[in-house]
Amino acid sequence: MLGICYYPEHWPEHMWQQDAQEMKALGLRYVRIGEFAWSRLESTPGNYHFDWLDRAIDTLAAAGLQVIMCTPTATPPKWLIDKYPSILPVDINTGSVRGFGSRRHYDFSSPDYLREALKISEVVAKRYGHNPNVVGWQTDNEIACHDTCHSGSEHAKRAFQQWCKNKYKDIDNLNSAWGTVFWSMEYQDFSQIELPILAVTETHPAHQLAYRRFSSDQVIHFHDEMIKVIRRHAPNRWVTHNFIPMADTQTDNHALAKNLDFVSYDNYPLGRSDLFFAEAPAEKFKPYMRTGHPDYASYAFDQSRGISKQNFWIMEQQPGPVNWAHHNPRPEKGMVRLWSWQAFAHGADCVCFFRWRQAPFAQEQMHAGIKRNDNSKAQAWYEVEQLNAEMARSNLKIGSAVKAKVAIVTGTLNQWVTEIEIQGTSYSQLEVEFAYYSALRQLGLAVDFVSTEDDLSQYSLVVAPCLPIVEQAFVDNCKNSGAHLIFGPRAGAKTNELSLVPNLGPGLLQQLIPIKVLTTETIRPDCSESMTFNGKQYESSRWREELELSESVQVIAIDSSNQPMVVQKGNISYIASLTCDEFLQDYFESIANQVGVSTIRLPKDMRMMQRENLTFIFNYSSQSQFFPDETATQLGSFVLGSAELAPFDVAIIEHH
Ligand code: GAL
């Protein structure tokens, strides 16, 4: 299924009908509207105007399209801010108010905003909840994006104090749980607790972690209340939200998704790559400048599938250059088609493009659409046309599932802990997790992202790249799983309050593998040590741990001073250092093969993915490349393309 993001309020009404007919002719089925239209829906308090939106929905429906309606709460209008100025959030780095004039200018702890946001959501939901042409709902837009999860406001402070009181009950419990005796930070009353911002130097890590947990809870509360309002007035309609990576929102995406019907993701591979790989040297970055790294988009797709353990949607797909990254290259010809197919391969049931036509005015005028602002067809138009024709003959079924034998354990806490406790600036939880993921993907493996609470019994290999906080329930979960488990450095090293575990790292995981982390060092990435595994040399760098081993533990890799860097006992492995991509690939390949998961060394920049009875092949290279013939023949026959893939091409094999 395909869809589009459309803003009828941006265009004269006489254009709507032709737009709708062209959308339909292009093979689009869904049109998402309304997420920034509050000032047109309510021009002054209580003065509602739905006539234009009624007509827009009618026009779209007359062309055979179905509407996804949004709550317009990402853009509170000026009159509302003037009426309740304390809706505005406060910047945690400067302490100054973040003003009106863009979007997302609201504080999740503002009681006035919660009330007003629910009010407009209710008005819209009442109006369109039963409309047969409005088939689903999107809450807000990219909630907590633009660093809005945290606010340094008085509202936030008071709500945080209450949150602490609910959690710790007695101030002495908080003092001892956090360890506030350090630097004389002890409190006598919850009302004394400040937000951990704007201090002279680093603030207490337990205080910071509590503030992150609190802030995420505030977002989730706001969002859950909105879902309730929609469901009350829009029966039998699905409700989704357009997620972006948690790195940007600082919000626990698993918790955020809990009351939704499914997760949607906004896919901007080039815009996001530009930020994610900002520090990468040109020789690594440039080959993917117009495609994104071959594992980058799918990393987000697999996480989206993992958030709610089911298929997902792409609610926004980049159609050309965007306007918001450091640099905004155009995608290679064919990439809009490739990214869309890749999303389907990884479990998307629908891909919607952002946006229909490039806006001639305002902040995003340099952002491409499927059509240009003069209404001519842009490159993406032709790719969507091709995609639609190919989908008809691909035999891809909505709802068909991805089944992986390999899982990566992920979660919000890992990111929070490693951002709070820096220790070495070249340790980035996201980069570590991405490196592990990419190594697995380069072996042709399908990967699920799971949380520590998920059932692990269906997996043969479970990898935890970064898991500093481990609970006993997870250790029990591992004991029952039967999978081979690989832990990266830092695993189990911290308590739930971000203190050192009493029995040294990896803490509770010592029940699985009897080792102790005696010291931890972090070193510059350009000062790496060497490491030997199976007679081959690799890198040990950035984060390195000194281990003490019980006799039963086997040494798998050592560094140049004969220190164990990778150790194993039975089905448990521990990697005590950050390493290089080559090591991760070689090591994961050897373990996968030991546990009966077959791997395949694909040509560089080629990737494969299986979704039920279809195997998808992607060529991210600017050169033609061959998918191994024997494998193709074993699997089935091509329903799209062939074993020779042109640059940026896609092929699909249907299994026998
Ligand atoms: C998304 C956002 C859209 C639009 C788009 C531009 O993150 O949801 O509203 O701003 O980026 O790429």
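Residues numbered from 1 in each chain as written. Predicted model: local features only at pLDDT ≥ 70, side-chain atom pairs only at ≥ 80, totals over all residues. Heavy atoms only, no water.

Caption draft 1: Highlighting the domain arrangement of the chain. Segmentation of the chain into domains returns domain 1 (2–150 + 220–391), domain 2 (406–594) and domain 3 (606–655). Distance between the C-alpha centres of domain 1 and domain 3: 31 Å. Contact with domain 1, which involves 25 residues of that partner, is made by 13 residues of domain 3. Regarding the contact of domain 1 and domain 3, the summed buried area is about 1500 Å², with carbon and sulfur atoms giving 64% of it. The largest contributions to the domain 1 side of the interface with domain 3 come from Leu-338, Trp-341 and Ala-345, which together make up 34% of the buried area. The tally of links between domain 1 and domain 3 comes to 3 salt bridges. Note that Asp-649 and Arg-337 form a salt bridge whose closest N and O atoms lie 2.9 Å from each other. (Domains from an automatic or database assignment. Contact = heavy atoms within 4.5 Å. Buried area = accessible area lost by both parts, 1.4 Å probe. Salt bridge = Lys/Arg side-chain N within 4 Å of Asp/Glu carboxyl O.)

Caption draft 2: Here's a closer look at the side chain of Thr-418. Relative to the helices and strands, Thr-418 resides in helix α16 (residues 412–420). At 3.1 Å, the side chain of Thr-418 and the backbone oxygen of Gln-415 are in polar contact. For Thr-418, the contacting residues outside a window of four places in its chain are Tyr-427, Gln-429, Cys-466, Pro-468 and Arg-490. (Helix = DSSP H or I, 4+ residues; strand = E, 2+ residues; numbered from the N terminus. Polar contact = N/O pair within 3.5 Å; in protein donor to acceptor, adjacent residues only side chain to side chain.)

Caption draft 3: Molecular detail of the packing of aromatic side chains. The tally for this structure, following the rule as stated, stands at 46 aromatic pairs. When the ring of Tyr-7 is compared with that of Phe-354, the centres are 6.1 Å apart and the planes differ by 70°; the resulting orientation is edge-to-face. On the criterion of sequence distance, the pair formed by Tyr-7 in the loop between β1 (2–5) and α1 (16–25) and Phe-354 in the loop between β10 (348–353) and α15 (379–392) is long-range, its members being 347 residues apart. The two residues Tyr-7 and Phe-354 agree in class, both being buried. Geometrically, the ring pair formed by Phe-474 and Phe-487 is edge-to-face, given 6.5 Å between the ring centres and 90° between the ring planes. Here Phe-474, found in helix α18 (residues 472–479), pairs with Phe-487, found in strand β14 (residues 484–487); they are 13 residues apart in sequence, far enough to count as distant. Among the aromatic residues, those joined into a cluster by ring pairs are Phe-276, Phe-277, Tyr-296, Tyr-299, Phe-434, Tyr-437 and Phe-449. (Phe/Tyr/Trp six-rings, centres within 6.5 Å; stacked < 30°, edge-to-face > 60°. Buried < 20%, exposed > 50% of the residue type's maximum accessible area, 1.4 Å probe, protein only.)

Caption draft 4: Examining the nonpolar core more closely. Membership of the largest hydrophobic core comes to 98 residues, with the highest contact counts inside it found for Trp-137, Trp-341 and Phe-353. Of the residues that make up this core, three or more belong to each of domain 1 (2–150 + 220–391) and domain 3 (606–655). Residues in contact with Trp-341, not counting those within four places in the same chain, are Leu-387, Glu-390, Met-391, Ser-394, Leu-396, Phe-616, Phe-618, Leu-640, Val-650 and Ile-652. Judged by nonpolar contacts, the second largest core, of 41 residues, contains Ala-435, Leu-440, Val-463 and Val-566. (Core = buried A, V, L, I, M, F, W, Y, C linked by side-chain atoms within 4.5 Å.)

Caption draft 5: Structural view of the pattern of salt bridges. Tallied over the entire structure, the rule returns 36 salt bridges. Notably, a salt bridge pairs Glu-521 with Arg-544, separated by 2.6 Å at the nearest N-O pair. Note that Glu-521 is positioned in strand β15 (residues 515–522) and Arg-544 in strand β17 (residues 536–549), a separation of 23 residues in sequence. Arg-544 gets classed as buried once you look at its relative accessible area, which sits at 8%. The closest approach of N and O atoms between Arg-601 and Asp-586, which form a salt bridge, is 2.8 Å. Linking Arg-601 in the loop between α19 (581–594) and β22 (606–611) with Asp-586 in helix α19, this pair joins segments that are 15 residues apart in sequence. Arg-601 gets classed as partly exposed once you look at its relative accessible area, which sits at 41%.

Caption draft 6: Representation of α19 within the structure. With 14 residues, α19 extends 20 Å from end C-alpha to end C-alpha; this agrees with the ideal 20 Å at 1.5 Å per step. Buried residues of α19: Phe-583, Leu-584, Gln-585, Asp-586, Tyr-587, Phe-588, Ile-591 and Ala-592, and no others. In the segment just after α19, Gly-596 is the residue with positive phi, at about 80°. (Expected span 1.5 Å × (residues − 1).)

Caption draft 7: Here's a closer look at the confidence of the model for the chain. When the pLDDT values of the chain are averaged, the result is 97; 100% of them are 70 or greater. Confidence, expressed as mean pLDDT per element, reaches its minimum in the chain at helix α9 (residues 246–249) with 86 and its maximum at strand β5 (residues 66–70) with 99. (pLDDT = per-residue confidence, 0-100.)

Caption draft 8: Quick look at the site of the ligand. In the region of the ligand, the neighbouring residues are Phe-36, Arg-103, Asn-141, Glu-142, Asp-266, Tyr-268, Glu-316, Trp-324, Phe-354, Glu-364 and His-367. Residue Arg-103 places a side-chain N or O atom 2.8 Å away from an oxygen atom belonging to the ligand. A distance of 2.6 Å is found between an oxygen atom of the ligand and a side-chain nitrogen or oxygen belonging to His-367. (Near = heavy atom within 4 Å.)

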